[in-house]
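# Results of the structural survey
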Amino acid sequence: MSLDTDESSGRRWLALFLAPAALVFVFLYLGALCLLFVQSLQIYNPGRIVQISGSLTLQNYIEYFGRTLVYYGFLWDTLRIGGIATVISVLIAYPLAYKITRTQRRLLKKTLLTVLVTSFFINSIVKVYSWVIMLADTGLVNGALASLGYDRIRFLGTDLAVAIGLVYFLFPIATMALVGPINNVDQTLEQAAANLGAANTKAFFDITLPLSMPGIIASTLLTYALAVSSFIAPMFLGSGIAPMMSNIIYLRYSETFNYPGGSALAVVLLVTSLSIAYGLNKVLTKRLKGFG
Amino acid sequence: MYFYRIVDLFGKILVTAALVATVLFLTLPVITTIMISFDPRAYLAYLPPPGFSLRWYESFLRNPNFTNGLRTSLIVGGVSTLISTVVGIFASYGLVRYKFRGKETLNSFFLSPLIVPAVVTGFSLLGLFSLLGVRISLERLLIAHVIITAPYTIRTISATLIGFDRSLEEAAMSLGANRVRTFLDVTIPMIKFGVVAGAVFAFAMSLDDVSVSIFLADAFSSTLSVNLFAYMRSTFEPTVAAASVLLMGFTFGFILLIERAMGLDKFVGIGI
Amino acid sequence: MQDRFLELMNVSKKFGQTLAVDNVSLTMPEGEFLTLLGPSGCGKTTTLRMVAGFVTPTNGNIFIKGQRVNDRPPYLRNTGMVFQNYALFPHMTVYKNIAYGLKIRSHSEQTIKEKVRQALDLVRLPGIEERYPKQLSGGQQQRVALSRALVIEPDVLLLDEPLSNLDLKLRQQMRLEIKAIQKRVGITTIYVTHDQSEALTMSDRLAVMNNGKVVQVGIPTEVYEEPKTRFVADFIGEANLLEGTISRSDDRSVEVSVDGRVLFAPPEEKLKEDENVRICVRPERIQIYKSPNSCATGERNALRGTIEEVVYVGSNVRYQVRVGKSKIFVDKQVTSLSTLCAVGDEVVVAWSDVNTILLPAS
């Protein structure tokens, strides 16, 4: 139905197709987010979760970001640890994505793909728990250190542990986001470079890398947006000592049931994540040829 | 020229090392967990385990928290996947086959739950449900999971629709099939594979979710992931390891289904 | 001037179970323009890529200037390749594209600038150094690709169907240009194409390939006038084919009995009586007459027939003539509309001995 026309029956069908999704998304999802924003401007009333009143106030924001620097600290930690994890994830994602797209050996390709998709689909509880065991005081890493005669290192609760856990979550996504862009780099260009005298490494840096750069940027921004939003990894690997914004929202709310307050924090987190994603969108709309 | 051959060799070694390290990085934790799940000791201690025991599997299966949670997860996952698959088919069709203003924006919007922090989604839905008086946790979870999973079905089915040749639909129409028939006879069979893969993707993500569900679950209805999360807040007992192995079984199933439906390479090619 | 400048000896390539190139041997003197011609899948591109170094031969050896290059990676072979899709680096200007190979060879900035300018002059595109490939037309991109390959002064120039993406008029123009440039520079060249008129126009020699094998090698006139197999006769030019048996073979001519009639061919020692052969005669070599008396002298091959179809193509007309059980195509130039024959006309088709080609029966 290549209906690029304006015929009214075409329009009616279009509305029909989009209706269910629009219903769900606009009324439920967008509505929820708008409500969140409104709630962040409400006064906290200990008896109720949600209320609508005309009197708007910035008190919630002032409470967290006007009086003390603590929450700025949490935000900074979130951005910092998330950033480190993002950089590491993209760095190890590229070689894997490259090998998957460029290798001729079918068995290797299939194996790497399976490893990649599996690591993406493994349940997040499993992922976190696995690293808790690895990094625990009596975990695998410390066990190896002990058997080599070294002292144990306390991992859980450190930024390092959270970063490692985040990488474990983010890296499959970063890789999948890179596979498309690298694949789109025409192999005959690499061959032409080789024909003109460029050895493999040189051809890579001259041709493949520059041409996959938009993809790298897109992957990095996507990964960072997700890093900043992480919940499970920092929760357990940070042992409450190195929490990120998502954890703060959950913890504060479970303690105080202060919904407006939580909303304010949630809005801040949302704005942060969306800003990063906005940058992503800019990059993508330059490349994306669009639907249909 | 020989300088370049050394650089090439070095580069090759580096990349291979990175790949091996990556694969190890990915598989080692999983293997460790599997080992721990059979550990007879009552506490987390150095590997390897001194014996073999199924006590943690027993512990898991005996715990009503977990068995109920699993049942809830499957129900919520199944129903929400079904709904979001249907929603996804319609929405994808509208987005891909029609041109209209604001298409890009609408598309980004439908995919936004992927970018919006999960905690924010859960928290805001909590507020909305309180306001609207939706108190039953099962309902809350169902609606929330439709929202979380729909982007995955839309993304996957859209990509499949773009990939398939529009002239097949045009041929059907020129032979006399009206829109509905064309949709049923030509479009649906062609995108079958994308739909299956999208549904599997959606179900996996539903099963996986914690950050949205913790705000919406309660004593009556709670998903397995949420219950495991709560459990882990107090202890890291290997019961969780046993649960992990069970969940890995699910993952394995998902991978197989997707491979059968559309092939892992095409699936990954869609990106994110 | 080396006689064996480029040599392929018994080169084969197997992909899994498929034999893409089957025991190909070719020797080229310096400066020759050799075309590999054949239908898709015949192995011509694979052969070219083996010379370039992108594919390693399963068997056999490749020599450039007397040196065995099988084990050399593509970036050490000093061959210049023009790809079918041009493969111009989209993120580099025309200047940087052409300069790429020179930079790798460590020429000074001065030298590079001068060489790039000369290269662009050679392909008649002066002054476009700062443009990007996507700003150029197909024909211009093609010429930039050519100059990029030539500027590094390679031992061998390799062209992989470079004109297939261009429209007809441009193709015909570029054929002559490429040939002229090649002659001027004097570079040993292998050209791959499936277009037989391209091959005939441009080549010093052409090698016809089918199913991985080289079926016939020779100069254009040789391959056209004396095809060795039915495949070659049919692939290059057009062929009328008739089956028959040799009734007499002596040192003046060969007589072949076809459907009860006798046709004449130039003498051929190796053929004996009672052998089955195939007669091939090209449509443009046949004359059409209203009666047998009008035949010119020497056109001993004369057959009566009826015109079944007349296909008018502007400069030419093609007659489809039914002769007994066979159909014979005759191509004639149209000098004026009034001289055309009509469907149903009784005619005589005739040609001289020398235009009869004998091919093996199988």
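Before reading on, note that the structure itself is shown above.
Source: prediction; values computed, not measured.

Reading guide: rules and limits
Residues numbered from 1 in each chain as written. Chains lettered and ligands numbered in written order. Predicted model: local features only at pLDDT ≥ 70, side-chain atom pairs only at ≥ 80, totals over all residues. Helix = DSSP H or I, 4+ residues; strand = E, 2+ residues; numbered from the N terminus. Rg over C-alpha atoms; globule rule 2.2 N^0.38 Å. Buried ≥ 20, exposed ≤ 12 C-beta atoms within 10 Å, placed from the backbone. Contact = placed C-beta atoms within 7 Å. Nonpolar A, V, L, I, M, F, W, Y, C, P; charged D, E, K, R; others polar. Axes fitted to C-alpha atoms, helices over the stretch in contact; angles between N-to-C directions. Parallel < 35°, antiparallel > 145°, perpendicular 65-115°, else oblique. Left-handed = near helix turned anticlockwise from the far one by under 90°. Pairing = 2+ DSSP bridges.

Turning to the overall build of chain A, a few remarks are in order. Counting its secondary structure elements, chain A contains 12 helices and zero strands. Listing each helix as α and each strand as β along chain A from the N terminus yields α-α-α-α-α-α-α-α-α-α-α-α. The globule rule puts the C-alpha radius of gyration for 292 residues at 19 Å, and the 24 Å found for chain A is more than 25% above it. The principal-axis extent of the C-alpha atoms belonging to chain A is close to 80 × 75 × 30 Å. When each of the 292 residues of chain A is scored for burial, the buried share is 52%.

Take the interface of chain B and chain A next. Each side of the interface is counted separately: chain B has 88 residues, and chain A has 81 residues. The greatest single-element share of the side of chain B that touches chain A, amounting to 16 residues, is contributed by helix α1 (residues 2-37) of chain B. Along the lines of polarity and charge, the residues of the side of chain B that touches chain A split into 58 nonpolar, 18 polar and 12 charged.

What follows covers the packing of helix α7 (residues 166-174) of chain B against helix α8 (residues 179-208) of chain B. Residues and elements named next belong to chain B. For the pair α7 and α8, the least separation of the axes is 10 Å and the interaxial angle reads 160°. When the axis of α7 is compared with that of α8, the two are roughly antiparallel. Crossing hand, α7 versus α8: right-handed. On the side of α7, the interface is formed by Leu168, Glu169, Ala172 and Met173, while α8 contributes Thr182, Asp185, Val186, Thr187 and Met190. Here the residues of the contact of α7 with α8 are counted per class, giving five nonpolar, two polar and two charged.

Bringing the sheet that holds strand β4 (residues 59-64) of chain C into the picture now. All names here are of chain C. Spatial ordering of the open sheet is given by β2-β1-β4-β5, a layout of four strands whose pairing is antiparallel. Pairing within the sheet leaves two strands with one partner each, and these edge strands are β2 (18-28) and β5 (67-68). Where strand β1 (residues 6-15) lies against β2, seven bridges are found, and the strand directions are antiparallel. When the bridges of β2 are listed, Val11 appears paired with Val24. Sheet contacts for helix α1 (residues 44-52): β1, β2 and β4; angle to β2, the most-contacted strand, approximately 60°.

Turning to the packing of helix α3 (residues 70-102) of chain A against helix α9 (residues 200-228) of chain A, a few remarks are in order. All names here are of chain A. Direction vectors running N to C along α3 and α9 enclose 140°, while the axes themselves pass 9 Å from each other. Between α3 and α9, the angle falls in the class oblique. Judged by the sense of rotation from one axis to the other, the crossing of α3 with α9 is right-handed. Where α3 abuts α9, its residues Thr78, Leu79, Gly82, Gly83, Ala85, Thr86, Ser89, Val90 and Ala93 lie against Ile216, Ser219, Thr220, Thr223, Tyr224, Ala227 and Val228. Per-class residue counts for the contact of α3 with α9 are eight nonpolar, eight polar and no charged.

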